[in-house]
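Structural overview for review
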Amino acid sequence: MAVLAVVWLLIMDRHDDDEVLSAPEFSRADQAVSPLPTALPLDARKVALGRRLFHDVRLSHDDTLSCATCHPLDKAGVDGLPVAVGIGKQHGTLNTPTVLNSAFSFRQFWDGRAATLEEQVNGPVHNPIEMASNWGEVIVKLKQDPQYAVEFRALWRDGVTAAHIESAIAEFERSLITPDAPFDLYLKGNDQALSEPARRGWNLFRDLGCIACHQGVNLGGNMYSSLGVMGDFFAERARPVLESDLGRFNVSKRREDRHVFKVPSLRNVERTAPYFHDGSVATLADAVEVMARYQLGEKLTTRDRDDLVHFLTSLNGHLPVVSEGHR
Ligand code: HEC
Ligand code: HEC
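Model, not experiment: these values are computed from the prediction. (Residues numbered from 1 in each chain as written. Chains lettered and ligands numbered in written order. Predicted model: local features only at pLDDT ≥ 70, side-chain atom pairs only at ≥ 80, totals over all residues.)

Moving on, we get to the site of ligand 1. Taken together, 27 residues form the shell around ligand 1, and within it C67, C70, G86, F109 and P124 come nearest. Mapped by element, the contributors of at least two residues to the shell around ligand 1 are α3 (67-70), α4 (117-126) and α7 (162-174). A per-class count over the shell around ligand 1 returns 16 nonpolar, nine polar and two charged. (Near = placed C-beta within 6 Å. Helix = DSSP H or I, 4+ residues; strand = E, 2+ residues; numbered from the N terminus. Nonpolar A, V, L, I, M, F, W, Y, C, P; charged D, E, K, R; others polar.)

In C-alpha cells:
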C-alpha cells in the first residue's frame, strides 16, 4: 500500500509539472532547446580587427585565400561545395561547416579536435591543402602593414603575435550570431512565427528523437554521436572510406570512436547545402531521410519529411551584416 501511495504521489507530481508547463506564461524554451541570444558581450575593437583578419588573404602562403574564401559571410558562412578547395585548387575531403553561431558549439571541427575558437584558427593556417602557411610567415607579412601595427598595439603591448591573431579572429566569430529565426520567435512565445507544416515538423523532430542529438541553443554542437546508429551509412555510400570518415577516432584512436562526429548545429541548415562531413548529400530533404534512416531506423512519409524540412527552414536567422570593401 505504501509503495502504491508513493507511486501515486509521483504520478501526481508529474501531473502537477504538466500543469505548470501548459500555463500561459510558459516559455517554450526548455532544457532541450533555447533561443539564440541577439548578441554576446564583446570587445568592439577586437571584433573589428578580427573582421579584417578573417578577410585577409595574407593568412595564406601565396596570398590567395582568406578565411572568408571558404566561409563567405554573405553565403551563410559556407562555400556551397561538397568538399573545401584550398591553396592551388587542392580538394580536401571534408565539407566546410559554417562559422555562424560557432561560438555556441562545445568543440570545433567535425571531429571536435579544437576545444576553442582560438585554437581552431591554427588549423586552416597550417593545413597544407588549405592556407599552407605558418605563424612566422603570416606575422612577417602583417607587421609590414602600418594599420595592423596601430590596431594590434592599441590592444596589446607586444603587437602582432599568433595568440593575438587567434584572439581577434575568435572574438569576431563570436559576433557572427543569427538571432530571431522564426523558431526563436516561436520559442519566445509568438505562435504565429511558425507555419502549420513547420510546427508539425517541430513536433516530429521531438517525437522521432532528432532532439536527442540536435539540442541546445544551436540544435547541435553540444555532443558527439556516431553516424550510422541504426545502419551502415559507409557501407551503403558506395565510395571508399577515407581517413576523414573516421571522425573522433583520428583524435582518440579508440575503436568505439570510429565514425563518431560532433553533432552539427542545424541553425541556418537550409542555407548550407550540401550536407554531412563528406558533403555527399545534396538536398536537405535527402539529408533528413538519411538521418531518419541511419540514426533512428525510421522510413519517413513524404509529408513528414517535408514537414521536417519546413521546421529546419524555420531555423534560418538574421545573417550578420557584411561590411563592404573586403576581399
Ligand atoms: C580551404 C577552405 C577553408 C579555409 C581557407 C578556412 N576554412 Fe574553416 N573550415 C574548412 C573546413 C573544410 C572545415 C572542417 C574541417 C574539419 O572539421 O576538420 C572548417 C572548419 C572551421 C570551423 C569549425 C566549425 C565547426 O562547426 O566545427 C571554424 C570555426 C572555421 N573553420 C573558421 C575558419 C577560420 C577562422 C579560417 C581562417 C583562419 C578558416 N576557417 C579558413 C574550410 C576552410
Ligand atoms: C543519434 C544522434 C542523431 C540523431 C538522432 C539525429 N541526428 Fe542529425 N546528425 C547527427 C550527426 C552525428 C550528424 C553529422 C553526421 C556527419 O556529417 O557525418 C548529423 C547531421 C545532420 C544534418 C546535416 C547537417 C549538416 O550541416 O551537414 C541534418 C540536416 C540533420 N542531422 C537532421 C536531423 C534530423 C531531422 C533528425 C531526425 C529525423 C536527426 N538529424 C537525428 C546526429 C543525429
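Attention now goes to unusual backbone geometry. Trans peptide bonds make up the majority, and among non-glycine residues the majority have a negative phi. At the junction of A273 and P274, the peptide bond is cis and its omega measures out at -5° in the coordinates. In this structure, P274 sits in the loop between β2 (260-262) and α12 (284-296). Here the phi dihedral of L219 falls at roughly 45°; this positive angle occurs in a residue that is not glycine. Within the secondary structure, L219 sits in the loop between α9 (196-208) and β1 (224-226). In this structure, H259 takes a positive phi of about 65° despite not being glycine. With respect to the element layout, H259 can be found in the loop between α11 (249-252) and β2.

Core analysis: the largest hydrophobic core is formed by 35 residues, its most contacted members being L53, F54, L59, A168 and I169. When residues of this core are traced back to their parent elements, those giving at least two are α2 (44-54), α3, α4, α5 (135-143), α6 (146-155) and α7. Sort the elements by how many residues they give to this core and α7 lands first, with five residues. In this structure, F183, W202, C210 and Y275 belong to the second largest nonpolar core, which totals 28 residues. (Core = buried A, V, L, I, M, F, W, Y, C linked by C-beta atoms within 7 Å. Buried ≥ 20, exposed ≤ 12 C-beta atoms within 10 Å, placed from the backbone.)

The environment of ligand 2 is made up of 25 residues, and the closest members are C210, C213, Y275, F276 and M291. Considering every element that reaches the shell around ligand 2, the biggest residue donor is α12, with six residues. Of the residues belonging to the shell around ligand 2, the class tally is 19 nonpolar, six polar and no charged.

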